Amino acid sequence: MLSIELTRDLKIALSEYAPGSQVVAGGKLWTSRYLKTLPNKDLIRRKYAICEHCGHYQSEIAETENELDRCQACGEKIGKMKGTYITPELGFISDKPEEPKLSRPEKTYTSRQYFTGEYNQDSELIKEYNFNGIEAQLISAKRGKLAVINHAGFNKFSVCQNCGYTEINTNKSISKHNTPWGQDCTGKRKVFSLGYEYNTDIFQLKFKNSYFDQEKDGYWESVLYGMLEGISQALGIERRDIDGCLYPYTGDPLNPALVFYDTVPGGAGHVERIIKKNNFEKVLKKTREIVSRCKCGGDEGDTSCYGCLRNYSNEYCHDILKRKYVIEFIDNLKLID
């Protein structure tokens, strides 16, 4: 009997191994199909909501009676980006393996990460710097809480409550299916997203006043992913060991904090190095160098590519990432060489 064990960090597995996704291993095509469960052990469930106006994330235990109808940051009514998520902490089980096809293996929808705003206050370190009249506040802290959500493109997942059989929700009865052990199953379905919350080291960058033209669509996303490349190269950190997101701490999507974090749960001390002014300036200069030497979009720099801003994890915003925004941002700070 062919047996393959595929392991991934849970936050990555939420997209790569989510039910419906496929992977080729051991010369076979494997399709994820079940959430693994154990008798008398419930998987973690939490209610969550993501504001479509400002992008703020909030969650609480599933048993609460609160409906999370309003954004805690901006007060806007929550739209379709809410529900209950399950944390598949025991992993996934695949269907029987098949022969690989000529087409690429299918993937369900990619996951997104959000900063919850929570961290260990006792570990907080704050420094403020002034660049050409622009006041930058740098905050480093331990045990920042990040959330990873895969809602299957707002469809969510239909999960059999008996055996864990899972498919992307179509608002119909779950398909006739067998348990992972081949027995007929008539369990009832419930609809969930997949999610995971974890703690790691974080670094926040906020601006008290600025002259940035942040009303441009994709401005802050471009700055975020440009700086991540700069952090990696300037400080000698593997790019896969750090990531980032925008955090609308004021409820204003035009003035978010840029949050950088270690991708290793628990933290590895990478992003806390940015708070030193010489390191911060080194990161900014390296970031400008990276986006300036790239040639995508010509002299205008009106786009981006995998050589400057794009990567697999930010596919959700590839069409709005522009390297010219990163150049404008750093030039406004008027760093002295």
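Here is what the cut-offs are and how they apply
Residues numbered from 1 in each chain as written. Predicted model: local features only at pLDDT ≥ 70, side-chain atom pairs only at ≥ 80, totals over all residues. Heavy atoms only, no water. Pairing = 2+ DSSP bridges. Helix = DSSP H or I, 4+ residues; strand = E, 2+ residues; numbered from the N terminus. Axes fitted to C-alpha atoms, helices over the stretch in contact; angles between N-to-C directions. Patch = residues over 30% accessible without salt bridge, like charges linked within 9 Å, V, L, I, M, F, W, Y side chains within 5 Å. Areas by Shrake-Rupley, 256 points an atom, 1.4 Å probe, with all protein chains shown as cover. Salt bridge = Lys/Arg side-chain N within 4 Å of Asp/Glu carboxyl O. Lys, Arg positive; Asp, Glu negative; His and termini not counted. Charge placed at Lys NZ, Arg CZ, Asp CG, Glu CD. 1 Å grid on protein atoms, 1.4 Å probe; cavity = no way out; pocket = protein on both sides within 12 Å on 5 of 7 lines; lining within 4 Å. Points joined across faces, edges and corners; volume = space filled by probe spheres on them. Nonpolar A, V, L, I, M, F, W, Y, C, P; charged D, E, K, R; others polar. Domains from an automatic or database assignment. Contact = heavy atoms within 4.5 Å. Buried area = accessible area lost by both parts, 1.4 Å probe. Phe/Tyr/Trp six-rings, centres within 6.5 Å; stacked < 30°, edge-to-face > 60°. Buried < 20%, exposed > 50% of the residue type's maximum accessible area, 1.4 Å probe, protein only. Core = buried A, V, L, I, M, F, W, Y, C linked by side-chain atoms within 4.5 Å. UniProt positions renumbered as here; feature names shortened; annotations may be inferred.

## Topic: the sheet that holds strand β1 (residues 22–25)
Thinking step 1. Strand order across the open sheet formed by three strands is β1-β2-β6, with antiparallel pairing between neighbours. Across the chains shown, the open sheet's two edge strands, defined by having one partner strand only, are β1 and β6 (92–94). Averaged over all neighbouring strand pairs, the angle between strand axes comes to 45°, with direction disregarded.
Thinking step 2. Direction of pairing for β1 relative to strand β2 (residues 28–35): antiparallel, over a ladder of four bridges. Across the sheet, the residue bridging to Gln-22 is Thr-31, located in β2.

## Quick word on a positive patch on the surface
Thinking step 1. On the surface, a cluster of positive charge is made up of Lys-127, Arg-273, Lys-276 and Lys-282.
Thinking step 2. With respect to the secondary-structure elements, Lys-282 resides in helix α3 (residues 277–293).

## Describing the layout of surface pockets
Thinking step 1. Put simply, the largest pocket is a space of about 1300 Å³.
Thinking step 2. Around the largest pocket, the lining comprises 50 residues; the ones closest to its centre are Arg-112, Gln-113, Tyr-225, Ser-313 and Tyr-316.
Thinking step 3. Elements with a minimum of two residues in the lining of the largest pocket: α1 (10–16), β7 (112–115), α2 (219–235) and β15 (242–247).
Thinking step 4. Considering every element that reaches the lining of the largest pocket, the biggest residue donor is α2, with six residues.
Thinking step 5. The class makeup of the residues in the lining of the largest pocket is 23 nonpolar, twelve polar and 15 charged.
Thinking step 6. Here the lining of the largest pocket spans two domains, since at least three of its residues come from each of domain 1 (34–92 + 149–196) and domain 2 (112–148 + 197–333).

## Topic: the domain arrangement of the protein chain
Thinking step 1. Per the domain assignment, the segments of the protein chain are domain 1 (34–92 + 149–196) and domain 2 (112–148 + 197–333).
Thinking step 2. Its C-alpha centre places domain 1 at a distance of 30 Å from the equivalent point of domain 2.
Thinking step 3. On the side of domain 2, 14 residues touch domain 1, which itself brings 17 residues to the contact.
Thinking step 4. Of the roughly 1200 Å² buried between domain 1 and domain 2 on both sides combined, carbon and sulfur atoms contribute 54%.
Thinking step 5. Taken as a group, Tyr-57, Ile-149 and Tyr-196 account for 52% of the area that domain 1 buries against domain 2, more than any other trio of residues on that side.

## Let's talk about the packing of aromatic side chains
Thinking step 1. Evaluation of the coordinates by the stated rule reveals 13 aromatic pairs.
Thinking step 2. Considering the side-chain rings of Tyr-34 and Tyr-165, the 5.6 Å spacing of their centres and the 80° angle between planes classify their relative orientation as edge-to-face. Of this pair, Tyr-34 sits in strand β2 while Tyr-165 sits in the loop between β10 (157–160) and β11 (166–168), placing them 131 residues apart in sequence. Take Tyr-34 and Tyr-165: they sit in the same class, and that class is buried.
Thinking step 3. With a centroid separation of 6.1 Å and an interplanar angle of 20°, the aromatic rings of Phe-207 and Trp-220 are classed as stacked. With Phe-207 in strand β14 (residues 189–209) and Trp-220 in helix α2, this residue pair connects regions lying 13 residues apart in the sequence. Each member of the pair Phe-207 and Trp-220 is classed as buried.

## Brief notes about the environment of Ser-158
Thinking step 1. Structurally, Ser-158 is set in strand β10.
Thinking step 2. The buried category is assigned to Ser-158, whose relative accessible area is 2%.
Thinking step 3. Along the chain, Ser-158 and Lys-286 lie 128 residues apart, while their C-alpha atoms are 46 Å from each other.
Thinking step 4. Once residues lying within four places of it in the same chain are set aside, the contact partners of Ser-158 are Tyr-165, Thr-166, Glu-167, Ile-168, Asn-169, Ile-174, Arg-189, Lys-190 and Val-191.

## Looking at the nonpolar core
Thinking step 1. Ranked by internal contacts, the top residues of the largest apolar core, which has 44 residues, are Leu-205, Phe-207, Met-227, Phe-260, Phe-329 and Leu-333.
Thinking step 2. Listing elements by their share of this core, those giving two or more residues are β8 (125–131), β9 (134–150), β14, α2, β16 (257–262), α3 and α4 (323–333).
Thinking step 3. For Leu-205, the residues in contact, after removing those within four places along its chain, are Ala-136, Gln-137, Leu-138, Met-227, Pro-256, Ala-257, Leu-258 and Phe-280.
Thinking step 4. One finds Val-148, Ala-152, Phe-192 and Tyr-196 within the second-largest nonpolar core, a separate group that totals 25 residues.

## A closer look at the UniProt feature "domain: MrfA-like Zn-binding" (unreviewed entry) in the protein chain
Thinking step 1. Under the local residue numbering, the UniProt record ascribes the feature "domain: MrfA-like Zn-binding" (unreviewed entry) to residues 226–309.
Thinking step 2. Structurally, residues 226–309 comprises 32% helix and 14% strand, and the distance from its first C-alpha atom to its last is 6 Å.

## Let's talk about the pattern of salt bridges
Working definition: two side chains of opposite charge can pair if their charged atoms are close together.
Thinking step 1. Counted according to the given criterion, the structure contains 17 salt bridges.
Thinking step 2. We note a salt bridge from Arg-33 to Asp-95, for which the minimum N-O separation is 3.5 Å. Taken as a pair, Arg-33 in strand β2 and Asp-95 in the loop between β6 and β7 lie far apart in primary sequence, 62 residues in all.
Thinking step 3. Arg-33 sits in the buried class, given a relative accessible area of 14%.
Thinking step 4. Salt bridges sharing common partners tie together Arg-46, Glu-118, Lys-145 and Glu-197.

## Details of α4
Thinking step 1. For α4, the full list of buried residues reads Arg-323, Tyr-325, Val-326, Ile-327, Phe-329, Ile-330 and Leu-333.
Thinking step 2. Along its buried surface, α4 packs onto β8, β9, β14, α2 and α3.
Thinking step 3. Residue Lys-334 follows α4 closely and has a positive phi angle near 50°.

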